[in-house]
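# Overview (structure and organization)
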Amino acid sequence: MKKLFCLTFVLLSALAAFAQEKTIDKTEFDAALKNRFLKFEGRAYRETRTIEDVTPKDDRFKFFSRSVLEFAPPNRSRLLYESESWLHRKRTETIRIDQKFYLREDDGEWTEKNLAEFQKTLKSVSGSDFLTADEQTEYKTLGTQILNDLKTTVYVRIERRKTIYKPKREERFWTSVTKFWLDETGGIVREEELSEARAAAEKTSPETPYRERRTTVWEFDPKIKIEAPRAAK
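In this report, we go over the structure that sits alongside the text. (Residues numbered from 1 in each chain as written. Predicted model: local features only at pLDDT ≥ 70, side-chain atom pairs only at ≥ 80, totals over all residues. Heavy atoms only, no water.)

### Structural notes on the side chain of Lys140
- For Lys140, the position within the fold is in strand β8 (residues 130-147).
- The class for Lys140 is buried, based on a relative accessible area of 17%.
- Polar contacts involving the side chain of Lys140 include one to the side chain of Glu21, which spans 2.9 Å.
- Those residues in contact with Lys140 that sit more than four places away from it in its chain are Glu21, Lys22, Thr23, Ile24, Val154, Tyr155, Val156 and Ile158. (Helix = DSSP H or I, 4+ residues; strand = E, 2+ residues; numbered from the N terminus. Buried < 20%, exposed > 50% of the residue type's maximum accessible area, 1.4 Å probe, protein only. Polar contact = N/O pair within 3.5 Å; in protein donor to acceptor, adjacent residues only side chain to side chain. Contact = heavy atoms within 4.5 Å.)

See the structure below:
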């Protein structure tokens, strides 16, 4: 009897979740997410993002990274980025105070840059080797869900792309499913993206494609204080 009750409960829960799922158009999706960051204006908060390889039974491209961005109004921020892969480990820190930036790598010496110098650094590593050849996007809402005792509404964006890897002129197929948890004010609470990539030659192959998960969570923290490092050069 107990097993029957549990099975019935699970079935009803699944049916309820399915009943809430609904396909929506881009206009409705954009309107729902348009003001998701509005609640952070003028407040101290922390954004934590993790990126990890979740390809099963495959250690070729194991990768994990974690970034923690803290913001103190009106114009101070601190970013800690750590990554680990089969090739190397890396740790970088960036502090911004108004128009000045302070950077260091792997617990080394701090260096100071102004806004123009920092933007030049970003441009030197920008660019992509992939060209989008075809793209399709689908939008859904999954209704309400309780997340950490908080009532949220969940929206989903499903993207399917065919890209060209320019150095080899090779076709790649990408699928990305991103979920957004919004609180009752429309503010973002959590975002999770699961993406899958496969080369054209592997499209009909039994090989497992590369999979990656990105998770971002936000939280308010009035105790965040950000100061310039003392030894910056």
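### Observations regarding the pattern of salt bridges
- Under the defined criterion, the tally for this structure stands at 23 salt bridges.
- The partner of Glu82 in a salt bridge is Arg91, and the shortest N-O contact between them spans 2.9 Å.
- Exposure remark for Arg91: the relative accessible area of 24% places this residue in the partly exposed category.
- Salt-bridge contacts for Glu93 lead to Arg104; the nearest nitrogen and oxygen are separated by 2.7 Å. Of this pair, Glu93 sits in strand β5 (residues 89-97) while Arg104 sits in strand β6 (residues 100-105), placing them 11 residues apart in sequence. (Salt bridge = Lys/Arg side-chain N within 4 Å of Asp/Glu carboxyl O.)

### Quick notes on the nonpolar core
- Ile24, Phe29, Leu33, Phe40, Tyr45, Tyr139, Tyr155, Phe180, Leu182, Ile188 and Trp218 form the largest nonpolar core, which has 11 residues in total.
- Sequence-distant contacts of Ile188, defined by excluding residues within four places in its chain, comprise Arg36, Phe37, Lys39, Phe40, Phe180, Trp181, Leu182 and Trp218.
- The next biggest cluster of nonpolar side chains, apart from the first, holds eight residues, and it includes Tyr102, Trp110, Ile224 and Ile226. (Core = buried A, V, L, I, M, F, W, Y, C linked by side-chain atoms within 4.5 Å.)

### Examining the pairing of strand β9 (residues 150-165)
- Both β8 and β9 contribute to a ladder of 16 bridges, which runs antiparallel. Each residue of the ladder has a partner; that of Leu147, found in β9, is Leu150.
- The antiparallel pairing of β8 with β9 creates a hairpin that spans two residues between the two strands, and Asn148 there sits at a positive phi of about 50°.
- Here β9 runs beside strand β10 (residues 170-182); their pairing, made up of 13 bridges, is antiparallel. For Val156, the partnering residue across the bridge sits in β10 and is Lys179.
- Where β9 folds back onto β10 in an antiparallel hairpin, the turn is made up of four residues, including Arg169, whose phi is positive at roughly 50°. (Pairing = 2+ DSSP bridges.)

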